[in-house]
Every structure is written in C-alpha cells, then in structure tokens.
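Now for the letters of each chain:
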Amino acid sequence: MVAHRTDDAADFATSLIRAAGPDPSRLLQHLIAIQRRYSFIPPGAVGRLALGLDVTPVQITAAVEFYAFLHAEPRGDYDILFSNNITDHMQGSLTLFEALCVRLGVVPGTPRLDGRVTVDLTSCTGMCDQGPAALVNGLAVTRLNRARVDQIADLVEARTPLGDWPQELFAVADSIRRTDILLSRRETHGAGLRALLDRGVDAALAELERSGLRGRGGAGFSTAAKWRLCRDTPADAHYVVCNADEGEPGTFKDRVLLNAYADQVFEGMTLCAGVLGASQGYLYLRGEYLTLRPRLEAVLERRRQAGLLGQGILGRVGFDFDIEIHLGAGAYVCGEESALIESLEGKRGVTRKRPPFPAASGYLERPTVVDNVETLLASARILAEGAEWFREMGTSQSAGTKLLSVSGDCRAPGIYEYPYGVSVRQVLDDCGATEVQAVQVSGAAGVTLAPGEFDRVLAFEDLPTSGSFMVLDHRRDLLDLVQNFSHFFAHESCGFCTPCRVGSRLLRNLVDKVCAGRAGRYDLAEMRQIGGVMRATSHCGLGHTAPNAVLDTLTKFPEIYERRLRSDDFEPAFDLEGALAEARQLRGGEQQASGDRL
Ligand SMILES: Cc1cc2nc3c(=O)[nH]c(=O)nc-3n(C[C@H](O)[C@H](O)[C@H](O)COP(=O)(O)O)c2cc1C
Ligand code: SF4
C-alpha cells in the first residue's frame, strides 16, 4: 500500500476552521472536505477538529463510523462505488462490478495494494432510470456497460485525472417523460415572492391552506399547517430546510427538480422564510448528488444578483434570507427530518424523540420547517398561480399533481408528472411496461403490488407515495427484490433502537436462508413475527417500514417462498451437514496427501 501524505492534515483542518469559524455544526462539512482531500480522515485532522470546534475526538470518530462516505482508513485514489439498488442489479450491475474488480485486480471494498483504486458497492445512487450507475470519487457515472467498465479500468490504470475523463461518462439525463402543471414551467422570476409581498403573510398562508398542498416527502402533512405552527412558535430564530436527501431506493425526481427547476425550489424556500421570518435556510443535498452542487451554487448566485436572495429581498427592508448547501455523506436515515437536523448540526444522523416536532424545535432547537424539494417547488407555484389553479387537479384529499420516478422493466423509464388519482395501470401503460409481475410503489419502504391491485390509485386516500415506482416483469425472481431490500435496511438501520437494529438483521438472515434453500415453514412464521414487532415498536419510520417488502410478499406472493422451502419443520440456520462435508473433504485431501487412511 502506498502511504497517503497526511502530514499537512492538521493544518488543512485548521484552515477549514479558520474559514468557517469555530462552529461545531460545520463538523460534517469539514469531514467531507478532509475525506475528499486525503481519501480518509487522518488522526491529525481529528485532533485539530476536536480542539478547534470544542467537540471530543470520540464524537468525531463516531461520526466517521456512522456515515458511509467517511473512512478511518485510506481508500483508493479512485474510489468507485457501484449502486447496489435492485434496478441496477436488474440491469446487470453485479456482473459489471465483478468484471471491474477482476480487470483492476481488486478485492471488493479493499484498496488495491498500490493504493490506486477501491471498488465497492453503495446504496441506491438515484440514477435508476439510467443505470447501472456508479460514483467515481463522488461523481455519478451512468449507463454502465462492458465497454464503459473497460474504459474506466484503462483511465484508472493510466492515472488519468478525473477532470480529464471523457465528459460523456458523467452525462446525467433528466428523462422527463410526462409534464403537467408543475413541470410545464422552469422559472417564475420571483412571481411567488411578489405575490407574498403584495398580499402579506396571512393571506399567503391562507392561499397555501386553500390549495390543500400536502408534503411530498411521504408523510403528507399539510404544508400550510406546518408553516403556521413554525411561525407561531416564538423564538430568536427560525429556519427553513429543504430535504434533498432523496435516499429512498428507486427515487430520483428531486435530482431532476434540482437540476432543471432549482430556481423554483429556492423560491419556495424563500417564501417559507418570508412567512416564518427566517433569515437562514439550508439545502440538505445527499452526497450522491455532488454533481449538482456547482449548478445549484450558480442558481443561488443568480438569485442573489436578481435581488431574490440576500439582504432586502425585492427591495423590502428587513426581508433578509440566504441559503447554504449542506452535503450529506451516505446515510439513508438522514432523510428522516429529525435525523437530518442532527446531521445538519454536524452530528451522527440519529433520529430524535418526537414530539417536539422540528416545526416547534428543530435546528439548534429553534423552530424549523423541513420540507421536501417537490413540496417547496409546488408552494412557489401555488403562490404565483393561486390555490384554485392547483386545487383543480387531483382528488379530494390529494390536491395537485405528483412526480413519479419510474424505473425497472419498462420501455421509457424517467420522470412522470400525474394528477393525483392516476391508476397504477395507467402509469404502466404510459411507461411501456408489459407482462408485469409486481410494482414496488414508494421504494423499499413502500408497498409491493400484485397485478390484482393495478387499478388502485396513487393518492393519499389509497396509495401514498414519495414517488418511487419500480416495475418488475415476469422474468424476475421477486425474492431478489426482497433480499435486496432486507440487506438495504440491515445496512441503513442507525442502530439506536433494538427492534430495528436487531430485527432488520434477523430478517436479512432469514431472507438469506430462504434464498439459499435452507429455510423451513417455521422461518416464514418467524419473519412475520419479527416484522410485526418492528412495525409496532421501532423508534422511527425506517424501522416501521423496513419489513414491508417481506410482509407484503409473504401475503401476496407466497409461492416465491414456498418453492424454496426445504421442509415444513424447523431448519437450523447453521448447515451442520454442509460444514462437516467440507471438513471431511479437506481432511480427506490432507490424508490422501500424507498417505493416511480414513
Ligand atoms: C427513513 C426515512 C427517510 C426519509 N427520507 C426522506 C427524503 O429523502 N426526502 C424527504 O423529503 N422526506 C424523507 N422522509 C420524510 C421526512 O421525515 C419528512 O416527513 C419530510 O421531509 C417532510 O417534508 P414534506 O412535508 O414536504 O413531505 C424520510 C422519512 C424516513 C422515516
Ligand atoms: S428505527 Fe432504526 S433507524 Fe430508526 S432509530 Fe431505530 S434503529 Fe435507528
């Protein structure tokens, strides 16, 4: 292993602290910067950060252990992470992953001896419509195939700097397939903000309330009620946070909104700030979307120049608000709003006890609105166009439209905007899906639908969704999906509470046992029971939803389990006969070699 030069790591940490001030909430951002420079977090940097930010070295080490993109040991100069989502698998990612490991002579997850490269897997990278995908030093590479894998291997072997790699490798398409009221416009040039200033805060809130807008991140809480609660909580500061963590497997609509509609997302944040009286906002951008950062910074700067951000917005004295981008570092749970706030404060993303909800006590214990990217964009358009314009679309409890991220077995994966109330069957027809075996709605945490349910509709009344829509046709073994999700949750559980920490691992082991053909009927009952306990007793939404795919498929697709069962009885998890057979074989080999007799 080539030693990485880290003798200036403490000085680098000092320069970071000097630039941002001794603010402990900057810790995660500093760690990300250090990771990018050295490929790991050197001990010298830990010591200096601890001193400069007044946190303990143990807190820093715990944060490094928590986030998947931070490492205590050096990674390769090129750190290549293949997306491990089921849709990437369906597109052949694992074969390509193995091919690259062989070409480069690396053991997965371990830096090559010369320190040049690491090849590993990571959770869904949000490129499901153009997979198989990977991240190279954080930058997304899409549409991988054998030729691209060979090209990457050649570039790595030639030590080509990442900036000189062919740009087409990093091309990320928006793939917008169906537009409706939200996607029909890319910019509003401050129309929502002007409406707020003309009408006043109370009228603006009333307009938002009349529109019936509900959060698009999954829970569907009334946006106006959340903003009102936050505004009415007295404090010396209020905050606005845009949740762009988008870690739900199969979801990528927020990536497209931030790439092509960021202006309106920032407008929504600014409106919210105007209502709350907040002067600071944060865009929490998942680390996997690093590619978007320069473009987002440029949009922010443009808005500042246009008087839509900064001091005295649109000339109104006292309307001061700005937005900072805060990067995540590879932790699905940080999409949960209280974990996100912990992460924003620089800590491990462990979910908080609720209540109090963030709207009452959030970032730095101040009232904070955390809203999804799509929610904020919709609020900007509602203020500009009026509540009726929005209300006309959708159903009685689900006003407006919903963006879907469609992927998997279909002719036209991509982004589809539909009025709420669209049927699953309609979406399948539109995206060119045939011989569909199942649809996974709302990601790994969502629901697995059988063909008999395709007339159900996407709406809070029936199938609420954060937007992920994964199609699996008859060629697929649904157990692959269940196994993929059970590994995902066991990996992403933050470990804070026992039902989720232990339950997700037990479920993963049982699913593996079924897949290996070693399970009995007893194991299926065990899976149901563990899933039920996780749903009922876990601390946060991750644990509540982690057993969904197992429980859904046990009920709706029992045959996928039945055909793998070994017996109706209890089957031990440890394959004693198999292990003994292996030992006998080894022993036999040794005895033969030494001329012994059995
Ligand atoms: C494990 C977990 C992950 C989540 N991930 C996201 C996410 O990536 N984006 C998001 O907007 N909401 C996510 N949520 C929901 C948020 O906690 C929160 O409800 C949402 O950001 C509120 O915004 P909204 O009212 O606009 O929907 C997640 C929740 C859980 C339990
Ligand atoms: S349910 Fe899971 S993710 Fe949520 S707090 Fe418990 S261990 Fe952490």
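Residues numbered from 1 in each chain as written. Chains lettered and ligands numbered in written order. Predicted model: local features only at pLDDT ≥ 70, side-chain atom pairs only at ≥ 80, totals over all residues. Heavy atoms only, no water.

So, the sheet that holds strand 3 (residues 134–136)
Taken together, four strands build an open sheet; the order of strands is 2-1-3-4 and the sheet is mixed. Single-partner strands in this sheet number two, and they are strand 2 (117–122) and strand 4 (139–141). Averaged over all pairs of adjacent strands, the angle between their axes in this sheet comes to 25 degrees, without regard to strand direction. Contacts from helix 6 (residues 93–104) reach strand 1 (78–83) and strand 2 within the one sheet, and its direction differs from that of strand 2 by about 165 degrees. Contacting strand 1, strand 2 and strand 4, helix 7 (residues 146–157) runs over the sheet at an angle of about 165 degrees to strand 1. (Pairing = 2+ DSSP bridges. Helix = DSSP H or I, 4+ residues; strand = E, 2+ residues; numbered from the N terminus. Axes fitted to C-alpha atoms, helices over the stretch in contact; angles between N-to-C directions. Contact = heavy atoms within 4.5 Å.)

A closer look at the pattern of salt bridges
For the structure shown, the criterion picks out 48 salt bridges. Taking the shortest distance from any N to any O, the salt bridge between glutamate 209 and arginine 228 comes out at 2.7 Å. A residue pair is termed long-range when its members are at least 10 positions apart, and glutamate 209 in helix 9 (residues 201–211) and arginine 228 in helix 10 (residues 223–231) qualify at 19 residues. Taking the relative accessible area as the measure of exposure, glutamate 209 reaches 42% and is therefore partly exposed. Residue arginine 228 is classed as partly exposed on the basis of its relative accessible area of 25%. Here lysine 402 and glutamate 374 are joined by a salt bridge, their closest N and O atoms 2.6 Å apart. Of this pair, lysine 402 sits in strand 10 (residues 401–408) while glutamate 374 is found in helix 15 (residues 373–385), placing the two residues 28 residues apart along the sequence. Each of the two residues, lysine 402 as well as glutamate 374, counts as buried. A single network of salt bridges, built from pairs that share partners, joins Arg103, Arg146, Asp150 and Asp154. (Salt bridge = Lys/Arg side-chain N within 4 Å of Asp/Glu carboxyl O. Buried < 20%, exposed > 50% of the residue type's maximum accessible area, 1.4 Å probe, protein only.)

Considering the domain arrangement of the chain
Taken domain by domain, the chain consists of domain 1 (9–66), domain 2 (78–173), domain 3 (178–391), domain 4 (401–476) and domain 5 (477–598). The centre of domain 1, based on its C-alpha atoms, is set 43 Å off from the matching centre of domain 4. (Domains from an automatic or database assignment.)

As for the sheet that holds strand 10
Strands sit in the order 5-11-10-14-12-13 across an open sheet of six strands; the sheet is mixed. Strands with a single pairing partner mark the edges of an open sheet, and in this sheet they are strand 5 (176–178) and strand 13 (447–449). Going across the sheet, the axis of each strand differs from the next one's by a mean of 25 degrees, ignoring polarity. In this structure, strand 12 (residues 436–441) lies alongside strand 13, joined through three bridges in antiparallel fashion. Note that in strand 13 the partner of valine 441 across the bridge is valine 447.

Examining the site of ligand 2
Taken together, 13 residues are adjacent to ligand 2, and Thr351, Cys494, Cys497, Cys500 and Cys540 come closest. Taken together, the residues of the shell around ligand 2 sort by class into seven nonpolar, six polar and no charged. (Near = heavy atom within 4 Å. Nonpolar A, V, L, I, M, F, W, Y, C, P; charged D, E, K, R; others polar.)

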